[in-house]
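Spelled out from the first residue to the last, the chains are:
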Amino acid sequence: MKNEHSDTLQRDADGLGIDAIHELSDHEFSRLSEFVKEQIGISLPAVKKTMLQARLQKRLRVLGMKNFREYVVYLFSTQGIENEIGEFINVVTTNKTDFFREPHHFDYLIKEAIPAMEREGLMRQHQLRAWSAAASYGHEAYTIGMVLSEYAETQARFGWSVLGTDISTRVLEHAVRGVYREEDVNVIPTRLKKKYLLKSKDPAKNAVKIVASLRERIEFRRMNLMDRDYGIDNKFEAIFCRNVIIYFDKPTQAEILTHLYHYLIPGGYLFLGHSESLNGIPLKLESVAPTIYRKHG
Ligand SMILES: C[S@@+](CC[C@H](N)C(=O)[O-])C[C@H]1O[C@@H](n2cnc3c(N)ncnc32)[C@H](O)[C@@H]1O
């Protein structure tokens, strides 16, 4: 049945030169969604078909393909697996983020978590290693960097490092550059903006850049939370895994959180997104504040 939305899609498709008769079939959608679930962890229920179709149209245009059937065949071909999977992942993931998103987490880190770990002698050489495990465009990792850098100025021996990882190469490239629009940084307190952001010399550009001294201290790396081996040797005092497991079903959430749990030091902290929880996932983590958990020492 046609509705207003499919008409819009058809017009868009016409504009793109795509044969609009060929919408993503249920069979093609189920092949793609099975692949997404298996490889990335994200569940795509049937209601997401229109969304996926709309997002993939740009790829069809770039590749000069006329219908989704051609795209699906290509994606699963040897050449597609080599060249298109990364682009496909960029299209499928939702990357919404913000500086100082859920700010109570950063307050808790500075005022409660670090002092508790220091008091209990858990931080080796007073070093805090934080991991932003679904870093998106880098806002979260840079926010952690700013608050830790501020804290370090008040504590002589304190040191820190931040690792930001994500599955999408597109967002990671952006994170490494550290360039944002002026309106994106409005939420950053003015004092920190002055200290950690540089305005573009060209006012027409409406862009700011994270200062080199902060960028250099934060490492960004591609990593799939579904991987069996994360390729990370050290443990972390704080892991931020926020607003990503919400896209996964419960067994996948349990698998990933169990994996992340092993990367926390005893007494370390896990920060989840505002609508995520450990409910029903049997890990030795104590709830210490809303969406903040501490690993038993
Ligand atoms: C909505 S953003 C959340 C960003 C940030 N943590 C925040 O709370 O603002 C979710 C991010 O998770 C990433 N992601 C999705 N599936 C992933 C996976 N299997 N492994 C690693 N990152 C993944 C997406 O690419 C996206 O950038």
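This structure is a prediction, so every number in the text was calculated from the model and none was measured. (Residues numbered from 1 in each chain as written. Predicted model: local features only at pLDDT ≥ 70, side-chain atom pairs only at ≥ 80, totals over all residues. Heavy atoms only, no water.)

K.L.:
I'd like to hear about the sheet that holds strand β5 (residues 207-210), residue by residue, with values.
P.N.:
Pairing in this open sheet of three strands is antiparallel, and the strands run β3-β5-β4 from one edge to the other. A strand with exactly one partner marks an edge of an open sheet, and here the two such strands are β3 (179-181) and β4 (197-199). Each strand of the sheet is rotated relative to its neighbour by a mean of 35°, with strand direction disregarded. As judged from the three bridges shared by β3 and β5, these two strands associate in the antiparallel manner. The partner of Y180 across the bridge, within β5, is V208. (Pairing = 2+ DSSP bridges. Helix = DSSP H or I, 4+ residues; strand = E, 2+ residues; numbered from the N terminus. Axes fitted to C-alpha atoms, helices over the stretch in contact; angles between N-to-C directions.)

K.L.:
Break down the domain arrangement of the chain for me, citing the residues and quoting the values.
P.N.:
Domain annotation of the chain identifies domain 1 (4-92) and domain 2 (104-295). Facing the nine residues of domain 1 at the interface are eleven residues of domain 2. Both sides of the domain 1 and domain 2 interface together cover about 820 Å² of buried area, and 49% of this is carbon and sulfur. A per-residue breakdown of the area domain 1 buries against domain 2 is headed by I40, I89 and N90, which together make up 48% of the total. Looking at the side of domain 1 that touches domain 2, the elements with two or more residues in it are α2 (26-39) and α6 (85-92). It is α2 that provides the largest number of residues to the side of domain 1 that touches domain 2, a total of three residues. For the side of domain 1 that touches domain 2, the residue count by class is three nonpolar, four polar and two charged. (Domains from an automatic or database assignment. Contact = heavy atoms within 4.5 Å. Buried area = accessible area lost by both parts, 1.4 Å probe. Nonpolar A, V, L, I, M, F, W, Y, C, P; charged D, E, K, R; others polar.)

K.L.:
How would you sum up the environment of M117? Please name residues and give values.
P.N.:
Turning to its location among the elements, M117 is positioned in helix α7 (residues 104-119). Each residue touching M117, except ones within four places of it in the same chain, is listed here: L122, M123, L128, E237, I265, G267, G268, Y269 and R294.

K.L.:
Break down the confidence of the model for the chain for me, with residues and values.
P.N.:
Taken as a whole, the chain shows an average pLDDT of 92; of its residues, 93% reach a score of 70 or greater. Confidence drops under a pLDDT of 50 for residues 1-19, and excluding neighbours within four residues, the segment shows 22 contacts in the predicted structure. (pLDDT = per-residue confidence, 0-100.)

K.L.:
Quick rundown of the site of the ligand? Include the residues and the values.
P.N.:
Residues in close proximity to the ligand total 20 residues, the closest being I40, T97, R101, D166 and N243. A distance of 2.8 Å separates a nitrogen atom of the ligand from a polar atom in the backbone of I40. With respect to the ligand, the side chain of N95 contributes an N or O atom lying 3.0 Å from an oxygen atom. Protein burial of the ligand: of its 600 Å² of free accessible surface, 99% is covered by the chains. (Near = heavy atom within 4 Å. Polar contact = N/O pair within 3.5 Å; in protein donor to acceptor, adjacent residues only side chain to side chain. Areas by Shrake-Rupley, 256 points an atom, 1.4 Å probe, with all protein chains shown as cover.)

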